[in-house]
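Each chain, letter by letter, is given below.
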Amino acid sequence: MHVMGGGDVGGAKTQIMNTVTGLSRTNDVMLISFRAGPFADEARERGIDVRVIERHNPFCAARTMRDLVDEFKPDIIHCHGGRANLMGAMVRRSRHIPIITTVHSDYRLDYLGSPLKQHTLGTANAIALRFLDFYQPVADRMARTLIERGFDPERIVKIYNGMEFNRPEGEFDRAAYLRETYGAEIEEGDVLCGIAARLTAVKDIATTVRGFAEALKTAPQLRLFIAGDGEDADMLKKLCDQLGVRERVTFCGWVSPVMPFFRAMDINLLSSVSETFPYSILEGVCAGCATICSDVGGMPELIDTGENGYIFPVGDDKKLAEYMARLANDAALRHTFAEALYAKASRDFSKDKMCERQEANYRHVIARFHRPKDERESIVICGAYGRGNAGDDAILEAIVQEMRELDPLRTITVMSRRPRETRVVYRTNAVYTFNVFSVLRKFRRAALYINGGGSLMQDVTSTRSLWYYCYTLRAAKKRGCKVMMYGCGIGPINRAANRRMAAKTIDASVDRITLRDDNSRTLLSEMGVVHPDICVSADPTIILTPAPHEIVNLALEKCGIDPDGSYIGFGLRNWKGLDDALPEIAAAADYAYEKHGLTPVFVPIEFPSDLMPAERVGALLHCPWHAVRIRQPIETTIGILARMKTVVGIRLHSLMFSAGQGVPVVGMSYDIKVDGFLKYIGSRTCLQLSSVRADELCRLIDECVSGALDSEVHRTAEMLRDREQENVKGAAALLRLSGD
């Protein structure tokens, strides 16, 4: 059952109509509209069972809707828009049916520029949203916004708009169309930019006008056509007069149908401050326009900047002008972008693809809603998370990814130092690591407790952390959880009392242990741990893939690094013995530049603390060098390291990320975990940090750069990926999802 206000326009109307007509091919669909009119009539003409409830009293409307629910007996109720959300919230109290709402736009900005509606209808919608079961944002960025506002990430499922991508056929005389429809005369060589949007504050068409005025200085052949109406029309016309571009701008008013408008354009523009996945962009793609849009909603998931279009920061008219002028002066680039974007959009964002995703979302939501409330179903993950260390963050991302693939219906809770950030980034529930009462409550509903990755069982950095992690193992086991130590390292545990306590706890409380190196297995054996099922696997991060090529390029450019350069990477950290090693590392970096033409790039794993040793080495260098000074997502960091010819690392995960991508590594070990990893992968390129010498470093760099190790390194990467599967198999066995 789909529920809507009935006055929906623009992208929301198109999305609802495409969804209900697509789903009706294989499902029984009823559409409830709270207003008679064109939308309800069109749906009825398309064969949809439409029921109109024209009641101004919300209690009467809700009563009528409940009667229709009892008549139709839907498996799920799907709401669209503020009034539908309010009715859904009222019906939910008395009917045991999952209610999902599609969040088509930012509900706080829906009535921007209209204070009365914002404080009445907008407030009612914001309240009603809190009483629904599941939320379906259109694009990932809207999902992030909802989580930041306190919505449960486990009750959010994404959807993307889709449409029929059929290229318009037949001859089209755009000059005649524009003359006859809008009274606009164009000349040979004019490049036409179009924007189709409501003339309201949230669409920020003033930025388009200012960008257009600036672009005219280097591309005087540009023309701008604005399709839409709204309260900002007079303001925008005055702005055109002030900037002296009025004669090059045509205000078209409300345009219907919109496809001929886009067929007439060369470039499709969008400058909104808030969107989800706007249909105006997809319609322009279908018509063959090149695309420039603001960085909103799901646009980064559709447009790969520099490959099939351009995305500019919201409100940045200067960057918009730069992109407009670039496309205006390069017809071949416009054609290339238009074709590439059409190929991607028609493949990934078609109407059929949208309906497939929608049905999959329904199955997921219905299964989650009807899961027995008293069932132990969740997974709790604990580790050194939420501290800004890219290695630990990568471990968490990998474990969450694997658990979701193993059983998408299970909820996940992460113990984190920054639970709010963890909820947003990983789309899981999260509790503060040391909020013991919250942690214990989570254990009571958990089927599996994962002591996740890294070297948690050690007392070099802190005895207190070792005791705490052991406490969580005992507490989880006592409360009925299966307990697993997942792709982890063990040690060093130096104090005899700590070794006895850790051994006793692990032996009594842990069901299965997967280890990332052989040294850890040896240490467990020496400690007398015999009862858990133990096997050697690999660090979970080995499954992560680098960010797309263009994303890595943009990240490098923002740090002032040429994406096409030749580089040697360094992953450094502050540690005892580093002071003596700094001149040796600097000498080796200078050597790599002089001998092999490799510019040093310092890639921080823990940001920003790893920049300090980078600066100290940089101060000793005689060659150019770079540092990644902007904190990057995990996949981008991996992508940057994958661009290196070789990587010299103290940080364990700088070595792991690189080796996993087939990049030769040179390790400078400060801890048995570094020795253990390099020994595990059969590497000969390892030095002790306390005895690093430039001549030995240079020799190892020569060996890595020569290509002699390439085949060995690629075999190592494959071996690590194969062995990592032992982690997942172990979790599946404990959750009884396999035959083990």
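Everything here concerns the structure above.
Being a predicted model, the structure only gives us computed values, none of them experimental. (Residues numbered from 1 in each chain as written. Predicted model: local features only at pLDDT ≥ 70, side-chain atom pairs only at ≥ 80, totals over all residues. Heavy atoms only, no water.)

J.: Teacher, can you tell me more about the overall build of the protein here?
T.: Looking only at helices and strands, one finds 30 helices and 25 strands in the protein. Here the protein has a C-alpha radius of gyration of 29 Å; the compact-globule value for 740 residues is 27 Å, and the two agree. Summarising its shape, the C-alpha atoms of the protein cover approximately 85 × 65 × 40 Å along the three principal directions. Within the span of the protein, comprising 740 residues, buried residues form 58% of the whole. A separation threshold of at least 6 residues defines the contact pool for the protein, and within that pool the share at least 24 residues apart is 70%. (Helix = DSSP H or I, 4+ residues; strand = E, 2+ residues; numbered from the N terminus. Rg over C-alpha atoms; globule rule 2.2 N^0.38 Å. Buried < 20%, exposed > 50% of the residue type's maximum accessible area, 1.4 Å probe, protein only. Contact = heavy atoms within 4.5 Å.)

J.: Help me out: how do you make sense of the side chain of Arg516 in this one?
T.: Structurally, Arg516 can be placed in the loop between strand 18 (512–515) and helix 22 (518–527). Within the structure, the side chain of Arg516 is placed 3.0 Å from the side chain of Asp539, a separation counted as a polar contact. Ignoring any residue separated from it by four or fewer positions in sequence, one finds Arg516 in contact with Gly454, Ser455, Gly487, Cys488, Gly489, Ala538, Asp539, Leu652, His653, Met656, Lys673 and Tyr680. (Polar contact = N/O pair within 3.5 Å; in protein donor to acceptor, adjacent residues only side chain to side chain.)

J.: Is there a simple way to explain the packing of aromatic side chains in this structure?
T.: The geometry of an aromatic ring pair comes down to the distance between the two centres and the angle between the two planes. In this structure the tally under the stated criterion is 19 aromatic pairs. Summarising the aromatic geometry, the rings of Phe172 and Tyr177 are spaced 5.6 Å apart at their centres and angled 50° between planes, so their arrangement reads as tilted. Each residue in the set Tyr432, Phe434, Tyr468, Tyr469 and Tyr471 is aromatic and connected to the rest through ring pairs, giving one cluster. Over the aromatic face of Phe151 sits the side chain of Arg130, whose NZ or CZ is 3.9 Å from the ring centroid. (Phe/Tyr/Trp six-rings, centres within 6.5 Å; stacked < 30°, edge-to-face > 60°. Lys NZ or Arg CZ within 6 Å of the ring centre and 35° of its normal.)

J.: When you look at the environment of Ala394 in this model, what are you seeing that I'm missing?
T.: By secondary structure assignment, the location of Ala394 is in helix 17 (residues 390–406). For the pair Ala394 and Phe657, spaced 263 residues apart in the sequence, the C-alpha separation amounts to 9.5 Å. With residues near it in sequence (within four places) discarded, Ala394 still touches Thr541, Leu544, Ile634 and Phe657.

J.: What am I meant to see in the sheet that holds strand 19 (residues 533–536) here?
T.: Strand pairing in a sheet relies on backbone hydrogen bonds. The paired strands run either parallel or antiparallel. Taken together, the seven strands give an open sheet; going across it, the order is 15-14-13-16-17-18-19, and neighbouring strands pair in parallel fashion. Edge strands, defined here as strands with exactly one partner in the open sheet, are strand 15 (429–432) and strand 19. Sheet twist, expressed as the average angle between the axes of neighbouring strands with direction ignored, equals 20°. Here strand 13 (residues 378–382) pairs with strand 16 (residues 446–457) via five bridges, running parallel. Across the sheet, the residue bridging to Ile379 is Leu448, located in strand 16. Set on the sheet, helix 17 makes contact with strand 13, strand 14 (412–416), strand 16 and strand 17 (482–490); between it and strand 16 the angle comes to about 155°. (Pairing = 2+ DSSP bridges. Axes fitted to C-alpha atoms, helices over the stretch in contact; angles between N-to-C directions.)

J.: Just checking my understanding: could you explain the environment of Glu154 for this structure?
T.: Here Glu154 lies in the loop between helix 7 (140–148) and helix 8 (174–182). Along the backbone, Glu154 and Thr413 are 259 residues apart, and their C-alpha atoms lie at a distance of 9.6 Å.

J.: Is there a simple way to think about the pattern of salt bridges in this case?
T.: Pairing is possible between side chains that carry opposite charge, provided their charged atoms lie close to one another. Taken as a whole, this structure holds 44 salt bridges when the rule is applied. In this structure, Glu606 and Arg651 form a salt bridge, with 3.6 Å as the shortest nitrogen-oxygen distance. Here Glu606, found in the loop between strand 21 (599–602) and helix 25 (611–618), pairs with Arg651, found in the loop between strand 23 (646–649) and helix 27 (652–660); they are 45 residues apart in sequence, far enough to count as distant. Ionic pairing is found between Arg629 and Glu615, a salt bridge with its closest N-O pair at 2.2 Å. With a gap of 14 residues between them, Arg629 in the loop between strand 22 (626–627) and helix 26 (634–642) and Glu615 in helix 25 connect regions that are remote in the sequence. For Glu615, a relative accessible area of 34% translates into the label partly exposed. Each of Arg25, Glu164 and Asp352 takes part in salt bridges that share partners, so that together they form one network. (Salt bridge = Lys/Arg side-chain N within 4 Å of Asp/Glu carboxyl O.)

J.: Would you take a moment to explain unusual backbone geometry for this structure?
T.: One can expect most non-glycine residues to show negative phi and most peptide bonds to be in trans. The omega angle of the peptide bond from Ser256 to Pro257 is 0°, so this bond is cis rather than trans. For Pro257, the location among the structural elements is in the loop between strand 9 (249–253) and helix 11 (259–264). That bond from Phe607 to Pro608 is cis: its omega, 5°, falls within 30 degrees of zero. By the element assignment, Pro608 lies in the loop between strand 21 and helix 25. Located in the positive-phi region is Asp204, a residue other than glycine, with phi close to 45°. Along the chain, the position of Asp204 falls in the loop between strand 7 (191–196) and helix 9 (205–215).

J.: Explain the nonpolar core here, please?
T.: Core analysis: the largest hydrophobic core is formed by 73 residues, its most contacted members being Ile585, Met668, Phe677 and Leu697. At eight residues, helix 24 (residues 578–596) tops the list of elements feeding residues into this core. Those residues in contact with Phe677, other than ones at most four positions away along the chain, are Asp517, Leu652, Leu655, Met656, Ala659 and Leu720. In terms of nonpolar packing, the next biggest core, distinct from the first, is built from 38 residues, Ala197, Leu239, Val245 and Tyr323 among them. (Core = buried A, V, L, I, M, F, W, Y, C linked by side-chain atoms within 4.5 Å.)

J.: What exactly am I supposed to notice about the sheet that holds strand 9 here?
T.: A sheet is described by the order of its strands in space; here six strands give the open sequence 9-8-7-10-11-12, paired in parallel fashion. Of all strands in the sheet, those bounded by a partner on one side alone are strand 9 and strand 12 (310–312). Averaged over all neighbouring strand pairs, the angle between strand axes comes to 20°, with direction disregarded. Note that strand 7 and strand 8 (residues 222–227) share six bridges and pair parallel. Opposite Cys193, over in strand 8, you have Leu224 as the bridge partner. Running at roughly 175° to strand 10 (residues 267–270), helix 12 (residues 279–287) makes contact with strand 7, strand 10 and strand 11 (290–294) of the sheet.

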